[in-house]
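# Structural description and commentary
Okay, here's what each chain looks like letter by letter:
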Amino acid sequence: MGKYILKRILLFIPTLIVISLLAFIISLNSPTDPVEKLVQSAANDSDLNAESSATEKLRFEVRKRLGLDLPVFYISLGSIAECDTLYRVADRSHQDMLSKLTSQYGNWSYIESYYHTLLTYSIKSDAYKPDSISKIGYTKNQLNNILNETSLNVRNLLEISDDIRIVATIKSLRKSYSENSILFEGLSKELGALETAYEQVKNNSKKWKIFIPNFTWNGMDNQYNLWLFGSKKRNRLGVIRGDFGSSYIDNKPVGQKMKEMFPYSFFLVVVSIILAYFISIPLGIYSAYKKGALFDNVSSVVVFMLYSLPSFFVATWLLYKFANPDNYWWFHPNGVKDPDTYNNDWGFLSLDKIRHQAPYFVLPIIAFTYSSFAFISRIMRVSMIDVMASDYIRTARAKGLSEKRVVLKHALKNALLPIITMFSNIFPAAIGGSVILETIFGIPGMGSAIYEAVLGVDIPMIVAVFTLTGVLTVIGYLSSDILYVFADPRISYEKK
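Residues numbered from 1 in each chain as written. Predicted model: local features only at pLDDT ≥ 70, side-chain atom pairs only at ≥ 80, totals over all residues. Heavy atoms only, no water.

## Considerations on the overall build of the chain
- From N to C terminus, the chain includes 21 helices and two strands.
- Computed over the C-alpha atoms, the radius of gyration of the chain is 32 Å, more than 25% above the 23 Å expected from 2.2 N^0.38 for a compact globule of 496 residues.
- Considering only C-alpha atoms, the chain reaches an extent of 110 × 65 × 45 Å along its principal axes.
- Relative to its full complement of 496 residues, the chain shows a buried share of 42%.
- Within the structure as shown, the chain displays about 28000 Å² of accessible surface, and the carbon and sulfur contribution to it stands at 61%.
- Distance from the positive charge centre (52 side chains) to the negative charge centre (43 side chains) of the chain: 10 Å. (Helix = DSSP H or I, 4+ residues; strand = E, 2+ residues; numbered from the N terminus. Rg over C-alpha atoms; globule rule 2.2 N^0.38 Å. Buried < 20%, exposed > 50% of the residue type's maximum accessible area, 1.4 Å probe, protein only. Areas by Shrake-Rupley, 256 points an atom, 1.4 Å probe, with all protein chains shown as cover. Lys, Arg positive; Asp, Glu negative; His and termini not counted. Charge placed at Lys NZ, Arg CZ, Asp CG, Glu CD.)

## Examining the side chain of serine 161
- Summarising the element assignment, serine 161 is placed in the loop between α6 (140–157) and α7 (163–179).
- The exposure class of serine 161 is buried, given its relative accessible area of 11%.
- Not counting chain neighbours up to four residues away, the residues in contact with serine 161 comprise Met97, Lys100, Leu101, Gln104 and Ile166. (Contact = heavy atoms within 4.5 Å.)

## Considering the layout of surface pockets
- The space that makes up the largest pocket amounts to roughly 1300 Å³.
- Along the walls of the largest pocket sit 47 residues, with Leu28, Val72, Tyr87, Gln95 and Gln223 positioned nearest its centre.
- Of all the elements in the fold, those that place two or more residues in the lining of the largest pocket are α1 (2–28), α2 (34–46), α3 (53–66), β1 (75–79), α4 (92–105), β2 (213–217), α9 (223–229) and α21 (459–487).
- Considering every element that reaches the lining of the largest pocket, the biggest residue donor is α4, with seven residues. (1 Å grid on protein atoms, 1.4 Å probe; cavity = no way out; pocket = protein on both sides within 12 Å on 5 of 7 lines; lining within 4 Å. Points joined across faces, edges and corners; volume = space filled by probe spheres on them.)

## With respect to unusual backbone geometry
- The backbone phi angle of asparagine 235 is positive, close to 60 degrees, even though this residue is not glycine.
- On the secondary structure map, asparagine 235 appears in the loop between α9 and α10 (254–289).
- Residue classification places asparagine 235 among the exposed positions, given a relative accessible area of 64%.
- Of note in the backbone geometry, valine 457 takes a positive phi value of approximately 50 degrees without being a glycine.
- Tracing the sequence through the fold places valine 457 in the loop between α20 (446–455) and α21.
- The class for valine 457 is partly exposed, based on a relative accessible area of 30%.

## Some points on α6
- Look at α6: 26 Å from first C-alpha to last across 18 residues, which is about the 26 Å you get at 1.5 Å a residue.
- When α6 is considered as a whole, its buried residues turn out to be Leu143, Ile146, Leu147, Thr150, Ser151, Asn153, Val154 and Leu157. Looking straight down α6, one finds that the buried residues subtend no more than 155 degrees of arc, so they occupy a single side. Summarising the geometry of α6, the exposed residues directed more than 90 degrees from the buried face are Lys140, Asn141, Asn145, Asn148 and Glu149.
- Elements that come into contact with the buried residues of α6 comprise α4, α5 (108–126), α7 and α8 (188–203). (Expected span 1.5 Å × (residues − 1). Arc of directions from axis to C-beta.)

Right under this line is the structure:
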């Protein structure tokens, strides 16, 4: 048994590595810029100005802490046309533009020159002020509108890579400069330099470089290594130690939020599964023993009727019937505790805490449990019927053993194998919770957290749930494999 467990654990290591890689790829390809999301969240908390120097400093610190100034992985596979330090460009939209231009023309040196010329031009355009406004003859509003429009066109060039759009934008700027020659007298030179730089990109195309592969070893200091193992210099613990970064919604550590929410989901899932097993297994056994009898037929109809009811309908009905002051106000309709009377000093299993929170969990547990009756009891029934038809069961009966002993000792263990397989789902179910039920009952568990994360595009929380669900699924399968040997003595993991 010990050797088998060790082998399975060693086998799961590559699986966990693949899970971590998939989670990292998801976080890497998120549609939102993590720096901007975290800076925006911090700015909302501290009322920072989006264009202030303090915010720019915060952007730099967040980018460095996230490791976005590092190469993505230990190795880079690309072409000789690509820049191997493109990750150093701070703006993701600029990175995308440069990458697309490189894939079109394959001449990085000219593209780099174009980019630096464009950056210089953009900075001067944003800060540009005419020398003598009195000679121009525009009102202040007209002047601001013209300057803002041209600055916007210049900034757009930093994000577009399509030749038609680039040429059209440059022509539009040239036309605006010609119509307002006195106004833009100080920027004509920069626009001319930009036109020249882009023409050099097009005229010196080297597409053949795109098809020649290039391998680069980036070393251990990369984004994936930082994300997985952390770094003291960057104040990161790494995913392997529970650091999934900060939430985009409230800028709190994701690990801390999950630590607060996980116990509620875990408690509901574990209690509901235990109740479902304790009710469904005896029900399935007795239904199999009374196959075709009145009890079997009636119980089948009842459990399938329960199974057909949607969970949100049952949850809403329970609230309406048993948490409604107009009907029977026996239970609390929302939350997990009363903030006015709850005492944080209560122990984990103190009677005061149990008495206080029990009314909040009765209805959710019922809603979590009822739908499992039909599924588990039917699987148990079919498994028992199959085992009861086996030869060794007939032999046991022929020896004169009591029917109770035959069913509970000889048949039950083998019939439990499908149920043990289902037991492996308890761990990932605990991390996932139930989005619908937790939202209806106002339970601050993992289900509610996932719902908020999806709505708020909170990528760190989504990646954390994905990673932990994969890890707990592996643990669940390992637990099931170990339980098999206790259920069926014929199963042996040792080599003969």
